[in-house]
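An overview of the molecular structure
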Amino acid sequence: MAEQVKENTVTLTIDGVEVAVPQGTLVVDAAKIAGQDIPVFCYHPKMEPVGMCRMCLVDIGYPVKDRNTGEAVLNEDGTPKIQFGRTLVTGCTQVVSEGMVVVGYSEKVQQARKDVLEFFLTSHPLDCPICDKGGECPLQNLTLAYGPGESRFNYDEKKKNLKHVPLGDLIFLDRERCIHCARCTRFQEEIVDDPVIGFYNRGRSLEITTWSEPGFDSYWSGNTTDICPVGALTTADFRFGARPWEMLEVASICRECPVGCNLTLNTRREAKSGGKMVVKRVMPRQNEQVNELWICDKGRFGYHYASADDRLTTPLIRKEGEFIPASWDEALSLAAEKMQAAGSRLVSVAGGQLSNEDYFHIGQLTEHLGGKAVLYSNMMGGDLTTKVGMGPGSNLADLGAGDAILVVASDLEEEAPLYWLRVKQAAERGATLIVANPRATKTDRYAAHIIRYEYGQEAAAILALSLDRIGDSDLADESFKQAAKAFAEAENAVVFFGSEGTGMAQSDALSKACANLLIATGHTGRPNNGLVGVWDKGNVQGGWDMGLQPSATLFDDLKAAKAAYVVGADLAGDNPAYKQALAQAEFVVVQELHHTATMELADVVLPAQSFMEREGTLTSGERRVQRYYPAVPPAGESKADFAITAEIAAMAGKELESVSAGLVFLGIVGKFKDYADLDYQALAEVSEQWPIIGREDLYYGGTGYANHQGLGVLLGTAAGRGEPVLIDGFDLPDTGVDGLLAVPVTRLYDQGNNLRYAAVMFPRIASSYVSLNPADAAGLGESVVVELNGFQVEVALKLDENVPQGIVVVPRSFGLPISAPTPVVVKN
Amino acid sequence: MSIYNPLPILKGLWTTIKSVVEKPVTLQYPEQKRVMPQRFKGRHHLRRYDNGLEKCIGCALCAAACPADAIFVEASENTDEVRYSPGERYASTYEINMMRCIYCGYCEDACPTEAIQLGHDYEMAYTEKRNSIYTREILLDPPPEGQESTPRKVEPGVFNRSIPVMKDAE
Ligand code: SF4
Ligand code: SF4
Ligand code: FES
């Protein structure tokens, strides 16, 4: 073993510090490991080196060997003789070798750095005082550390360029500040495969442009502002919002999708906001097992709903049709009384973005009163992920050659952008990617096997992928056979199932088929094997884990309800059918952040705190439990969801913890086996991560934040504990429809309640539409009327070759009443 | 029996008489006011350029330099339609808490556009605590004779630099 370690590591000296690093490491990375600074601009640890900027120049010496004997030649004092090269070398392109001596502190190197910086500044506007990057700018910092005090260049010959170029709606470019490092263009190309920006012209006229329509059309654009080493790229959202040093940092977790990206919220007290503490920007926080250094633009710019002006600040009680502000006592006792009276006709509906603590309490209260608790989601299978999910020790970054990933019924980038990125990277490392989806998606680009099935046949398609059944399936063609073989033979295999075109029945069958496939091929109970739900909302997995489940009969449940307790779910806004049902419920209690269509139907409204105002835990699709922390004081009299539920419970005769989320979590720990070893401390633990990033290393990893507040913990699974796992039988959903079939799909930028408040994103959110195959669109105009579930809606028509014939693709949360595949009529 | 010695009392009387004819040091404030030395540091002014545009660009470097944390700045974006200062950025909120200020002048040193300067005014008594906050409206100098105030509409593309070219001190 010791031998092997020695074989694979290389020992070198960097500015007097000896360090052992793996073979193949670049000199700049080795320096970071050794705790030495070799400044860089164009190099980024997540991308291939290009050696464009020359900032990393160092002097490198190699031990001299005797040509005849191969022995190291020694100096008179017995130290090995080192031969330095004639010229300086770029440390970002140089790989380490045994005995190498790297010198960064010699006069020669320091002079080179001065010269490089002097060149960079020939046309730099030096307007750091008004630059959003000022204060966290690698160019500013490195110029202070290494730059010349004065320039020999003529001020009047500075190149004047446009300083205010919107690259699309979200990102601004300042052409004068760009140092042509190509980090942004390489990020878009290499990492997220959206090559929509690039260089144009040459030499001093080189500039970044965008050629997409709309400009900079990518879900990842915000990340380029983190890694741009100057203030050339800044966001429209933060623009002049504050200086970096004026803001506090608070750790949080994104809940826009099931990935659970780690965030840092930067806060500041503001006169503009009436002296309130407000969140000024959302930044990525490093978690190499979840989001690495990246977040998508929805997570970065979509947070405004949490601090919107129309937040509910006091409880409201409906009297004679009007909402009258009430005291907490009044409102809670009224709610408690009605809910208690409802008994088994109480229906609690919990939205998909609540915390585990909230779900736990809603479950406890509803159980106590004998009612029915429903998780508001259209996907099934959250119990299966607890059985055959990815267990502890898993990390998508470990998947590579010999492993397989199956993505089924999911437009992964739209449903969970970071999962898409991690899957893409696994495929690039050599993992076999199998994409099974009725229409083409961006994920197809990296797929080794693409399987097309008809909408509604997702479960049948997965069944056909089981090797032992492949013979009996009329679906299975050659592509199935190859994919099935690859999956079965893979060392590790992970299945991501989404909600493309599925309703609850389809999702139930699909998730079971997926679990069966994993069990049949032996891909359960081991790290990096298992089932991942690409849930339709951020914490659906947490809801399932806390014992809540979606209900296929929600519509009827609500209609018959004596009391409905709706927490963080805009049923009426999402679907007019629910609106009708809720209107028939006898008494409606709504716990919400702001005015919603559902709240309009309430008899009692209880103001809840947003995620920025409280703490709690979320469970991701991979079943990683992560903690988020309070960043700003609560709006008005609002309270945390779990606290409100606890106070209702107290009035209804059940004691629940109403103050500390940490204590609620202890209740969860006591009740659910998977959570048994956890507590808030364990969730806050961190360990070293690579690459090293953070405030001292801005030039290296960018302005993303280092993680000091917790990497979270992956939950154990039943299969992992060796318990027998049985999957119930299921019926294949009926798919036969005469005429057109409408299928729901997910878009990242939807018209849901969260994005309703993100003004910068408005131009990027499509207006309501449906898409059709051109062959089905004969005679239809640009705007059509869609008849769906008894409702008529006028929407735009998009023609898309990717949509199979006979299918109408209907995006969710765009004001169209759809939650499952449904017959539809489209007319002019 | 000792003889009374008048000398000490005369000495004292002499001092008294001398001060009676001396010019008094007391100023009859507020009727009379002291002329301040050139380098006296009194309350701040936010200066304007000769064309009337505000010099302050809302960079908050003064706030960063302030050892007493007395300054609070919030920036917003200029447009050619609604322009306060040259360049992209101006201070939409600018407040100095005079109760915290120690008149050290560090803000003046930090300012890249020579916008904030300590002047000679010292009459800043107030009876209400909140009046110790001097806002940008109070601090801003009036525009020079004949110049329009801010915000104003300007010719597009002319005022596109925030920081003026300044010669190094010889
Ligand atoms: S915009 Fe920024 S990241 Fe892109 S090339 Fe210019 S300096 Fe580099
Ligand atoms: S006064 Fe000067 S230093 Fe202060 S914000 Fe304005 S421009 Fe910046
Ligand atoms: S050339 Fe090495 S970091 Fe740019």
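Predicted model only: the values in this text are computed from it and were never measured.

Scanning chain B for helices and strands turns up 4 helices and 5 strands. Secondary structure of chain B in N-to-C order comes out as α-β-α-β-β-α-β-β-α. Whereas a compact globule of 170 residues would reach a radius of gyration of roughly 15 Å, chain B reaches 25 Å, over 25% beyond that. Each principal axis of the C-alpha atoms in chain B carries an extent, and together these give about 100 × 35 × 30 Å. Within chain B, buried positions represent 26% of all 170 residues. Restricting the contact set of chain B to residue pairs at least 6 apart, pairs at least 24 apart contribute 76%.

Along chain A, the regular secondary structure elements total 23 helices and 35 strands. Judged by the C-alpha coordinates and their principal axes, chain A covers about 95 × 70 × 60 Å. Taking all 828 residues of chain A together, the buried fraction comes to 55%. The contacts in chain A between residues at least 6 apart in sequence include a share of 72% that link residues at least 24 apart.

Cys56, Cys59, Cys62, Cys111 and Ile116 of chain B are the nearest of the 15 residues found near ligand 2. Bordering ligand 2 are residues originating from chains A and B. Here the shell around ligand 2 is built from residues that sort into 13 nonpolar, 2 polar and no charged.

This next bit is on the packing of helix 3 (residues 107-120) of chain A against helix 4 (residues 138-146) of chain A. Residue and element names in this part refer to chain A. In the contact formed by helix 3 and helix 4, the axes pass within 10 Å of each other and the chain directions differ by 135°. Judged by the inter-axis angle, helix 3 sits oblique to helix 4. Considering how the two elements wind past one another, helix 3 and helix 4 form a crossing that is left-handed. Between helix 3, through Gln110, Arg113, Lys114, Leu117 and Phe120, and helix 4, the contact on the second element is made entirely by Leu139, Leu142, Thr143 and Tyr146. Taken together, the residues that form the contact of helix 3 with helix 4 break down as 5 nonpolar, 2 polar and 2 charged.

It is worth spelling out the interface of chain A and chain B at this point. Many analyses report the size of an interface as the accessible area lost when the parts associate. Listed per partner, the contact involves 13 residues of chain A and 19 residues of chain B. Of the residues contributing to the side of chain A that touches chain B, the split by class is 5 nonpolar, 1 polar and 7 charged.

One turn of the α-helix equals 3.6 residues, which is why residues spaced by three or four share an orientation. All names here are of chain A. For helix 14 (residues 478-489), built from 12 residues, the straight-helix expectation of 16 Å at 1.5 Å per residue is met to within 8% by its first-to-last C-alpha distance of 17 Å. All of the buried residues along helix 14 are Phe480, Ala483, Ala484 and Phe487. The buried residues of helix 14 occupy an angular sector of 100° when the element is viewed end-on, so they sit on one face. Where helix 14 is buried, its residues touch strand 19 (404-408), strand 20 (432-436), strand 21 (449-451), helix 13 (458-464) and strand 22 (493-497).

What surrounds ligand 1 is a group of 13 residues, the closest being Cys178, Cys181, Cys184, Cys228 and Ala232 of chain A. In terms of residue class, the shell around ligand 1 is built from 11 nonpolar, 1 polar and 1 charged.

Further remarks concern the sheet that holds strand 11 (residues 233-235) of chain A. All names here are of chain A. Judged by pairing direction, the sheet is antiparallel, and its 3 strands sit side by side in the order 7-8-11 without closing on themselves. Both outer strands of the open sheet, strand 7 (165-167) and strand 11, are each paired with one neighbouring strand and no more. Ignoring strand direction, the axes of neighbouring strands in this sheet form an average angle of 35°. Pairing of strand 7 with strand 8 (residues 171-173) involves 3 bridges; the strand directions are antiparallel. Bridge assignment links Val165 to a residue of strand 8, and that residue is Leu173.

Right, let's talk about the nonpolar core for a bit. By size, the foremost hydrophobic cluster in this structure holds 227 residues, and its most contacted members are Val40, Ala350, Val495, Cys514, Ala564 and Val589 of chain A. Setting aside its immediate chain neighbours within four residues, Val495 of chain A contacts Leu406, Val408, Cys514, Leu517, Leu518, Leu531 and Val532 of chain A.

With that settled, consider the sheet that holds strand 13 (residues 262-270) of chain A. All names here are of chain A. The strand order across the open sheet built from 3 strands is 12-13-14, with neighbouring strands paired in antiparallel fashion. For this open sheet the edge positions go to strand 12 (248-253) and strand 14 (276-284), each flanked by a neighbour on one side alone. For this sheet, the mean inter-axis angle between neighbouring strands, taken without regard to orientation, is 35°.

Residues and elements named next belong to chain A. For helix 3, which comprises 14 residues, the first-to-last C-alpha distance of 20 Å matches the rise-based estimate of 20 Å (1.5 Å per residue) to within 8%. Taken residue by residue, helix 3 has Val109, Ala112, Arg113, Val116, Leu117 and Phe120 as its buried positions. Along the axis of helix 3, the buried residues cluster in a sector spanning 130°; they form a single face. Exposed side chains of helix 3 directed beyond 90 degrees from the buried face belong to Glu107 and Gln110.

Attention shifts here to the domain arrangement of chain A. Residues and elements named next belong to chain A. For chain A, the assigned domains read domain 1 (2-105), domain 2 (118-235), domain 3 (316-377 + 543-714), domain 4 (382-534) and domain 5 (741-827). Between the C-alpha centres of domain 3 and domain 5 the distance comes to 30 Å. Each partner contributes to the interface: domain 3 provides 7 residues, whereas domain 5 provides 6 residues. Those elements that place two or more of their residues in the side of domain 3 that touches domain 5 are helix 18 (571-574) and helix 19 (576-584). A class-by-class count of the residues in the side of domain 3 that touches domain 5 yields 2 nonpolar, 3 polar and 2 charged.

All right, on to the environment of Lys798 of chain A then. Tracing the backbone through its elements, the reader meets Lys798 of chain A in strand 33 (residues 791-799). Placed 28 residues apart in sequence, Lys798 of chain A and Val770 of chain A show a C-alpha to C-alpha distance of 6.1 Å.

Moving on: the packing of helix 9 (residues 356-369) of chain A against helix 21 (residues 661-671) of chain A. Residues and elements named next belong to chain A. In contact at an axis separation of 9 Å, helix 9 and helix 21 are set at 60° when each is read in the N-to-C sense. Viewed along their axes, helix 9 and helix 21 adopt a mutual orientation that is oblique. The way helix 9 lies across helix 21 gives a crossing that is left-handed. Taken together, the residues of helix 21 that come into contact with helix 9 (itself represented by Asn356, Glu357, Phe360 and His361) are Ala661, Val664, Phe665, Gly667 and Ile668. A per-class count over the contact of helix 9 with helix 21 returns 5 nonpolar, 3 polar and 1 charged.

Here the focus is the environment of Pro49 of chain A. Residues and elements named next belong to chain A. Within the secondary structure, Pro49 is located in the loop between helix 2 (27-34) and strand 3 (57-63). Taking the C-beta count within 10 Å as the criterion, Pro49 has 20 such neighbours and is therefore assigned buried. The residues contacting Pro49, other than those within four sequence positions of it, are Leu26, Tyr43, Cys92 and Thr93.

Here we take up the pairing of strand 2 (residues 71-77) of chain B. All names here are of chain B. Of all the 7 residues making up strand 2, 5 are buried; the element is thus mostly covered by neighbouring parts of the structure. By the bridge criterion, 7 bridges tie strand 2 to strand 3 (residues 89-97) in an arrangement that is antiparallel. Bridge pairing links Ile71 to Ile96 in strand 3.

Further remarks concern unusual backbone geometry. Most peptide bonds take the trans form, and the phi angle of most residues other than glycine is negative. Look at the link from Tyr29 of chain B to Pro30 of chain B: it is a cis peptide, with omega at 5°. Structurally, the position occupied by Pro30 of chain B is in the loop between helix 1 (7-21) and strand 1 (44-46). Following Thr150 of chain B, the chain continues to Pro151 of chain B via a peptide bond in cis, the omega torsion being 0°. Although it is not a glycine, Arg54 of chain A sits at a positive phi angle of roughly 70°. Along the chain, the position of Arg54 of chain A falls in the loop between helix 2 and strand 3. Unusually for a residue other than glycine, Asn201 of chain A sits at a positive phi of about 70°. Its 9 C-beta neighbours within 10 Å are what place Asn201 of chain A among the exposed residues.

How each quantity is defined
Residues numbered from 1 in each chain as written. Chains lettered and ligands numbered in written order. Predicted model: local features only at pLDDT ≥ 70, side-chain atom pairs only at ≥ 80, totals over all residues. Helix = DSSP H or I, 4+ residues; strand = E, 2+ residues; numbered from the N terminus. Rg over C-alpha atoms; globule rule 2.2 N^0.38 Å. Buried ≥ 20, exposed ≤ 12 C-beta atoms within 10 Å, placed from the backbone. Contact = placed C-beta atoms within 7 Å. Near = placed C-beta within 6 Å. Nonpolar A, V, L, I, M, F, W, Y, C, P; charged D, E, K, R; others polar. Axes fitted to C-alpha atoms, helices over the stretch in contact; angles between N-to-C directions. Parallel < 35°, antiparallel > 145°, perpendicular 65-115°, else oblique. Left-handed = near helix turned anticlockwise from the far one by under 90°. Expected span 1.5 Å × (residues − 1). Arc of directions from axis to C-beta. Pairing = 2+ DSSP bridges. Core = buried A, V, L, I, M, F, W, Y, C linked by C-beta atoms within 7 Å. Domains from an automatic or database assignment.

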